[in-house]
Amino acid sequence: MYQAFYGLKGAPFGKELKPQDAFLSCSLKETRARLEYLSRVRGMGVLVGEPGAGKTFTLRVFCANLNPALFKVIYLPLATGTVMDFYRGLARSLGEEPSFRKIDLFHQIQQAVQVFFRDKKITPVFILDEMHLANPKFLLDLALLFNFAMDAFNPFILVLAGLPFLLSRLELNQTQSLAQRLVVRFQVEPLNREEVGAYLEHHLSLVGATRPLFEPPAVEAIASRSRGWPRLVNNLALTSLLWGAQLKAQLISADVVRQAAAEIGL
């Protein structure tokens, strides 16, 4: 309903956004720079952010820019599983039939990684999401599993992603061996107030908007209520458009945003 009312060709604030259409906020540009550096030097990195900060989308943007002839991306949200679940999932993702014993799986995975890197000239890129939920034993096993030739070289890229307290968990004594090997650490920040307006215009232009749809006070209200977190900006902007279409409002006012915010609990 709102798309037809405002002359839009699609949903401006949905999850279907293509990586190449991402709004390049200061935080996204800096995150991309850190991850691109990691792709050059290889090794381990950690990416954290509050819920709705856009961590997963940022990782999608990063992976979309990797040459598939040179990198193999493996995404595993297995932080709450057992270590054996993780090992088996990792082996299957590398094209291996998992062995039964942990020690055999360990060597199977390391050998598969080295085959990709040395023989196929492809760097495996492991993205482990929701890692703030991982137990210390899981993190300790990562340090052991991704130790090649007595830590002489890194034939892989490993990105641990999660909520900010993941950084604190990595500073525990039992996970120091993993923390000390991190090449990159970065925390995704929210959009600033100026970026929120540009973000809204960018997403609307992608679906054919030819004029601003949010009054300046409405943009300010969205920035204030969402605190700049992209997921909340998306939810609030979408709900505001639904309210605006229902009220036949050609422009979204701050009052409409307040009604939308009340509906979604912001």
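Criteria and thresholds
- Residues numbered from 1 in each chain as written.
- Predicted model: local features only at pLDDT ≥ 70, side-chain atom pairs only at ≥ 80, totals over all residues.
- Heavy atoms only, no water.
- Pairing = 2+ DSSP bridges.
- Helix = DSSP H or I, 4+ residues; strand = E, 2+ residues; numbered from the N terminus.
- Axes fitted to C-alpha atoms, helices over the stretch in contact; angles between N-to-C directions.
- Contact = heavy atoms within 4.5 Å.
- Salt bridge = Lys/Arg side-chain N within 4 Å of Asp/Glu carboxyl O.
- Buried < 20%, exposed > 50% of the residue type's maximum accessible area, 1.4 Å probe, protein only.

Under the annotation held in an unreviewed UniProt entry, the protein chain carries the name IS481 family transposase ISChy6 and is attributed to Neomoorella glycerini.

Asker: Help me understand the sheet that holds strand E2 (residues 71-76), please; the structure alone is not making it clear to me.
Answerer: Within a sheet, each strand pairs with its neighbour through backbone hydrogen bonds, oriented either parallel or antiparallel. Read across the open sheet, the five strands follow the order E2-E3-E4-E1-E5; overall the sheet is parallel. Where the open sheet ends on each side, the last strands, each with one partner, are E2 and strand E5 (182-187). Taking the axes of each pair of neighbouring strands and ignoring which way they run, one obtains an average angle of 15 degrees across the sheet. Sheet analysis places E2 next to strand E3 (residues 123-128), joined by six bridges and oriented parallel. Counted as the bridge partner of Phe71 is Thr123 from E3. Contacts from helix H2 (residues 26-41) reach strand E1 (43-48), E2, strand E4 (157-162) and E5 within the one sheet, and its direction differs from that of E5 by about 170 degrees. Across the sheet, helix H3 (residues 55-64) lies against E1, E2, E3 and E4, angled at about 140 degrees from E1, the strand it touches most.

Asker: Please explain the pattern of salt bridges as it appears in this structure.
Answerer: When charged atoms on two side chains of opposite charge get close, those side chains can pair. For the coordinates displayed, the defined rule picks out nine salt bridges. With its nearest N and O atoms 4.0 Å apart, the salt bridge here joins Arg88 to Asp85. Of the two residues, Arg88 and Asp85 are both situated in helix H4 (residues 83-93); the distance of three residues between them amounts to about one turn of the helix. Using a relative accessible area of 39% as the deciding quantity, one classes Asp85 as partly exposed. Salt bridges sharing partners connect three or more residues here, namely Lys102, Lys137 and Asp141.

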